[in-house]
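# Architecture and fold: a report
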Amino acid sequence: MTEQEVALFEALMPYAAQETTRIRDNNVRFVHYTTAETAIKILRGGEMWLRNSVVMNDFSEVKYGMACLQAAWKGEHGQRLQKLMAEVQADLPGIFESTFDAQFNDVHSETYLVSISEHATGLEDQYGRLSMWRAYAPRNGVAFVFNNTPFISESNALNAFTSPVNYATVDSFADDFKAVVDGFEANLDTLKELGGGWLHYTLLRAFRAAIQSTKHPSFVEEREWRVLYAPMLLHREGLLSEQQLERIPTEIVTLGGVPQRIFKIPFRNYPDEGFVGATIPELIERVLIGPAIDSYMIAQAVIGELTVAGVQNADQKVVITGVPLRV
C-alpha cells in the first residue's frame, strides 16, 4: 500500500491497524488448530481452505456483530458519520445504506473465512492452548504455528484480508466506531479528493469486516484473527477476474457429509506485488501434535508431508505435546 493508503487504513480501520502494528512489532506468531486428517490435506494440497461462515460453528456471531454495527450506525456517531459522508458526496449516505442492506445476505451466505489464533511463547509453544484443543481438535489434533509475514502483509495480491477479532460489548463497539468517525473527519479533505466511489467500496469492506470479526467478550481468551474473502463483493466491484479466480480457486467438497463450496489459498508468493513468506517452508514455524492415541504415527506422517513440501529438518519442527486425550 502507498503511504496515503496506510494512513487511511489507520484512520478508517483503527482497531485493525493498531492490532496489526502490535503483531508486527512483537513478532507474534499465529496458530491454526485442526484435525490430523485435515492437517495432512493442507500439507498435501499446499493450500488453506476457506469455508462459508454459514457452516462454521461461529455463524451466530455474525448476528452479534451486525447488532453491534446497527446500534452504532443508528446512534450519535453513526449520524455524525453520515453527515461527513454527505460532504464527500451528497447522496452517498443513502446509496451506501441501500447497497449495504442489499448485500447483507452476502455477509451471511457468501463470506468465506479461516480462523487463526495468536500463539504465545513459553508453555503454549510446547503444549498449545488447552481450550483450543478442546474446541477445535479434541481428538487427533494438530496445530500449525505460522510466521506472521503473509497475514499482516500490506499487499492486495489476493484480495483476501486478515482481520483481528474485536471482543466487544455494544457500548465498547460504539467507542471503536467513534474512533473511525474521528479518523474520517481528520482525513476529510483527502477523502473528498478520492471521491464517493472509493469511499463507498472502502466502507463496505470495513463494515463487512466488522460484522464478521466481532465476538462476545466471553470468547476473548481465543485471541482470534480471521482471513476473510468475499467473492460476491469482488464480483459486484468488477474485481473477480480470471487472475483472481486462479489465485483463489473454488471447489465443491463434502465435509462431514455436507456438500459445500470452499475457496482455496495456495501457499504461494507474489513477490512482485509484495506478498511473500507464504510458502510452506517459510510459513510453518512448528507443528504441535495434540490429544491423540497415535501421536507418534501422526507426527511421522506430518514430518513426511513437510519433507515432501521442501521443509528442511522437518523432524525438528514437529512437537508431540503429550496433552492427555479424554475419552
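Below or above, wherever it landed, is the structure these notes cover. (Residues numbered from 1 in each chain as written. Predicted model: local features only at pLDDT ≥ 70, side-chain atom pairs only at ≥ 80, totals over all residues. Heavy atoms only, no water.)

All right, on to the overall build of the chain then. Regarding its fold elements, the chain presents 14 helices and 12 strands. For 327 residues, the compact-globule formula gives about 20 Å, and the C-alpha radius of gyration of the chain, at 20 Å, lands near that figure. The principal-axis extents of the C-alpha atoms in the chain amount to approximately 65 × 40 × 40 Å. Taken over 327 residues, the chain has a buried fraction of 51%. Look at the contacts in the chain between residues 6 or more apart in sequence, and 81% of them connect residues 24 or more apart. (Helix = DSSP H or I, 4+ residues; strand = E, 2+ residues; numbered from the N terminus. Rg over C-alpha atoms; globule rule 2.2 N^0.38 Å. Buried < 20%, exposed > 50% of the residue type's maximum accessible area, 1.4 Å probe, protein only. Contact = heavy atoms within 4.5 Å.)

A pair of packed helices can be characterised by two numbers: the angle between their axes and the separation between those axes. Relative to each other, helix α3 (residues 36-45) and helix α14 (residues 295-308) sit at 10 degrees, their axes nearing to 9 Å. Viewed along their axes, α3 and α14 adopt a mutual orientation that is roughly parallel. Seen from α3, the contacting residues are A36, I40, L43 and R44; seen from α14, they are I298, A301, V302, E305 and L306. Here the contact of α3 with α14 is built from residues that sort into 7 nonpolar, no polar and 2 charged. (Axes fitted to C-alpha atoms, helices over the stretch in contact; angles between N-to-C directions. Parallel < 35°, antiparallel > 145°, perpendicular 65-115°, else oblique. Nonpolar A, V, L, I, M, F, W, Y, C, P; charged D, E, K, R; others polar.)

This part takes up the packing of helix α6 (residues 92-109) against helix α10 (residues 188-212). At a closest axis distance of 11 Å, the pairing of α6 and α10 adopts a crossing angle of 40 degrees. Classed by the angle they form, the pair α6 and α10 counts as oblique. Note that α6 runs across α10; the crossing there is right-handed. Note on element contacts: α10 touches α6 through G196, L199, H200, L203, L204, F207, R208, I211 and Q212, opposite L92, I95, F96, T99, F100, Q103, F104, D106 and V107. (Left-handed = near helix turned anticlockwise from the far one by under 90°.)

With 12 residues, helix α2 (residues 14-25) should cover 16 Å at 1.5 Å per step; its first-to-last C-alpha distance of 16 Å lies within 8% of that length. Taken together, the buried positions of α2 are occupied by A16, A17, E19, T20 and I23. Residues of α2 that are buried make contact with α1 (3-12), β1 (29-35), β3 (112-119), β5 (161-164) and β8 (224-229). Backbone geometry just after α2 places N27 at a positive phi near 50 degrees. (Expected span 1.5 Å × (residues − 1).)

Our focus in this paragraph is the pairing of strand β9 (residues 250-255). In regular strands, side chains alternate between the two faces of the sheet. Alignment of β9 against strand β10 (residues 258-266), held across 6 bridges, turns out to be antiparallel. Within the sheet, the bridge partner assigned to L255 lies in β10 and is V258. If you look at the hairpin formed by β9 and β10, you'll find 2 residues sitting between the two strands, and G256 has a positive phi there, around 60 degrees. (Pairing = 2+ DSSP bridges.)

Note that Q244 resides in helix α12 (residues 242-247). Look at Q244 and you get buried, because its relative accessible area is 4%.

Another aspect to go through is the nonpolar core. By size, the foremost hydrophobic cluster in this structure holds 46 residues, and its most contacted members are F144, F146, V287, V302 and L306. With residues up to four places along the chain from it excluded, the contact list for V302 reads I40, L43, V287, I289 and V318. (Core = buried A, V, L, I, M, F, W, Y, C linked by side-chain atoms within 4.5 Å.)

Attention now goes to the pattern of salt bridges. Using the criterion set out here, one finds 19 salt bridges in the structure. Residues R29 and D125 are paired through a salt bridge, measuring 3.1 Å at the closest nitrogen-oxygen approach. Residue R29 is located in strand β1, and its partner D125 is located in helix α7 (residues 123-127); the two are separated by 96 residues in the primary sequence. One salt bridge connects K215 with E224, and the closest N-O pair in it is separated by 2.7 Å. Here the two residues K215 and E224 agree in accessibility, since each one is buried. Three or more residues are tied together by salt bridges with common partners; here these are R29, D125, E285 and R286. (Salt bridge = Lys/Arg side-chain N within 4 Å of Asp/Glu carboxyl O.)

If you walk through the whole model with that rule in mind, you get 14 aromatic pairs. Arranged with centres 5.8 Å apart and planes meeting at 80 degrees, the rings of F100 and F207 form a pair that is edge-to-face. With F100 in helix α6 and F207 in helix α10, this residue pair connects regions lying 107 residues apart in the sequence. Comparing F100 with F207, the two get one shared label, buried. Centre to centre, the rings of F144 and F146 are 6.1 Å apart; their planes meet at 5 degrees, and the pair counts as stacked. Residue F144 is classed as buried on the basis of its relative accessible area, which comes to 0%. Among the aromatic side chains, those forming a connected cluster through ring pairs are F30, F144, F146, F151 and W225. Over the face of the ring belonging to F219 we find K215, whose NZ or CZ atom lies 4.9 Å from the ring centre. (Phe/Tyr/Trp six-rings, centres within 6.5 Å; stacked < 30°, edge-to-face > 60°. Lys NZ or Arg CZ within 6 Å of the ring centre and 35° of its normal.)

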